[in-house]
Each structure stands twice: as structure tokens, then as C-alpha cells.
Amino acid sequence: MTSSKIIIDSALRAAAHVRSSKLPKEVSKMASAMLSSAPSGGKHTLPDLPYGYNAMEPVISAETMTIHHTKHHNTYVANINASLEKLDAAVSAGGVSG
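None of the values given here were measured: they were computed from a predicted structure.

> What exactly am I supposed to notice about the overall build of the chain here?
The number of helices and strands found in the chain is three helices and zero strands. Counted from the first residue to the last, the chain has its helices and strands arranged as α-α-α. Put simply, the chain has 98 residues, and 15% of those count as buried. Restricting the contact set of the chain to residue pairs at least 6 apart, pairs at least 24 apart contribute 50%. Element-wise, carbon and sulfur atoms account for 59% of the exposed surface of the chain, whose accessible area totals about 7,100 Å².

Take a look at the structure:
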């Protein structure tokens, strides 16, 4: 078993608060895929929009789109990175039980 597989299984058990053997197989597979989908280096990044901030005007203003993407969406990305770092540190330190 590779070290990344061990970390993913440990993170999954910690996140679910149950032993991985008790999780339905499809849930375990989906969660493992989601947990391993971080880009190399382990950091998620804010994706560029495939359209301009003004593309939805006049229904949604460019200012609203800019704020939503650069502030709100960026906060979600920063928070998932911080949460995964804390989880990895807790798993590595043995501070998480399954």
C-alpha cells in the first residue's frame, strides 16, 4: 500500500468518523476519488472562469461576478486547502481515531 493510499484511507475514516470497512463500497470509492483529486502539490487553486465577468450583464453585473469569483469562491478554495492541511497534520500526528 502506498503512503498516499494510507493517508487517503486515514483521512476518509477521520472525516466519516467510522472505520472504512463499515462504509458502503461506493461511498468509500467516491470519497477516495474526491480526496485524491487535489492537484499535484496538494493545493487546490481558484480556476479561471471560461467567460468574462461581464458576460452575464445586464442580469448579473460584472462587479457582482468579480466579487463572487475573487472573494467568495476564492475563500472556499482557501478554506479547503487549510482544512486538508489540518487534517493531514492530525492524521500524521496520530491525533485522529477511526
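Alright, that's what it looks like, and here's the rest.
> For this particular structure, what's the right way to read the environment of His 69?
Residue placement: His 69 occurs in helix H3 (residues 62–92). Between the alpha carbons of His 69 and Tyr 53 there is a distance of 8.7 Å; along the sequence they are 16 residues apart. If sequence neighbours within four positions are ignored, His 69 has contacts with Leu 46, Pro 47, Leu 49, Tyr 53 and Asn 74.

> Explain the confidence of the model for the chain here, please?
One rule of thumb: low pLDDT means the predicted coordinates there are not for detailed reading. The predicted model of the chain averages 74 in pLDDT, with 56% of residues at 70 or higher. No element of the chain has a lower mean pLDDT than helix H1 (residues 3–16), at 51, and none a higher one than H3, at 89. In the model, residues 1–7 has pLDDT below 50 throughout and makes three contacts with residues more than four positions away in sequence or in other chains.

> Explanation requested: the environment of Tyr 76 in the structure shown.
Mapped onto the elements of the fold, Tyr 76 is located in helix H3. As a C-alpha pair, Tyr 76 and His 44 span 32 residues in sequence and 9.9 Å in three-dimensional space.

> For this particular structure, what's the right way to read unusual backbone geometry?
For residues besides glycine, phi is generally negative; the peptide bonds are generally trans as well. Put simply, Glu 57 and Pro 58 share a cis peptide bond, and its omega is 5 degrees. As for its position among the elements, Pro 58 is in the loop between helix H2 (25–35) and H3.

> I keep staring at H3 and nothing clicks. Help me out?
Structurally, the α-helix is built with 3.6 residues per turn, so residues lying three or four positions apart point the same way. With 31 residues, H3 extends 43 Å between its outermost C-alpha atoms, agreeing within 8% with the 45 Å of an ideal straight helix rising 1.5 Å per residue. Of all the bends in H3, the largest measures some 30 degrees and sits at His 68. Following H3 by one or two positions, Gly 94 adopts a phi angle in the positive range, close to 75 degrees.

> Please clarify how the environment of Thr 64 should be interpreted in this entry.
Tracing the backbone through its elements, the reader meets Thr 64 in helix H3. Classification of Thr 64 as partly exposed rests on a relative accessible area of 45%. Put simply, Thr 64 and Asn 54 are ten residues apart on the chain and 9.3 Å apart in space, counted from C-alpha to C-alpha.

Reading the values: the criteria
- Residues numbered from 1 in each chain as written.
- Predicted model: local features only at pLDDT ≥ 70, side-chain atom pairs only at ≥ 80, totals over all residues.
- Heavy atoms only, no water.
- Helix = DSSP H or I, 4+ residues; strand = E, 2+ residues; numbered from the N terminus.
- Buried < 20%, exposed > 50% of the residue type's maximum accessible area, 1.4 Å probe, protein only.
- Contact = heavy atoms within 4.5 Å.
- Areas by Shrake-Rupley, 256 points an atom, 1.4 Å probe, with all protein chains shown as cover.
- pLDDT = per-residue confidence, 0-100.
- Expected span 1.5 Å × (residues − 1).
- Bend = angle between axes of the 7 residues up to and from the residue.

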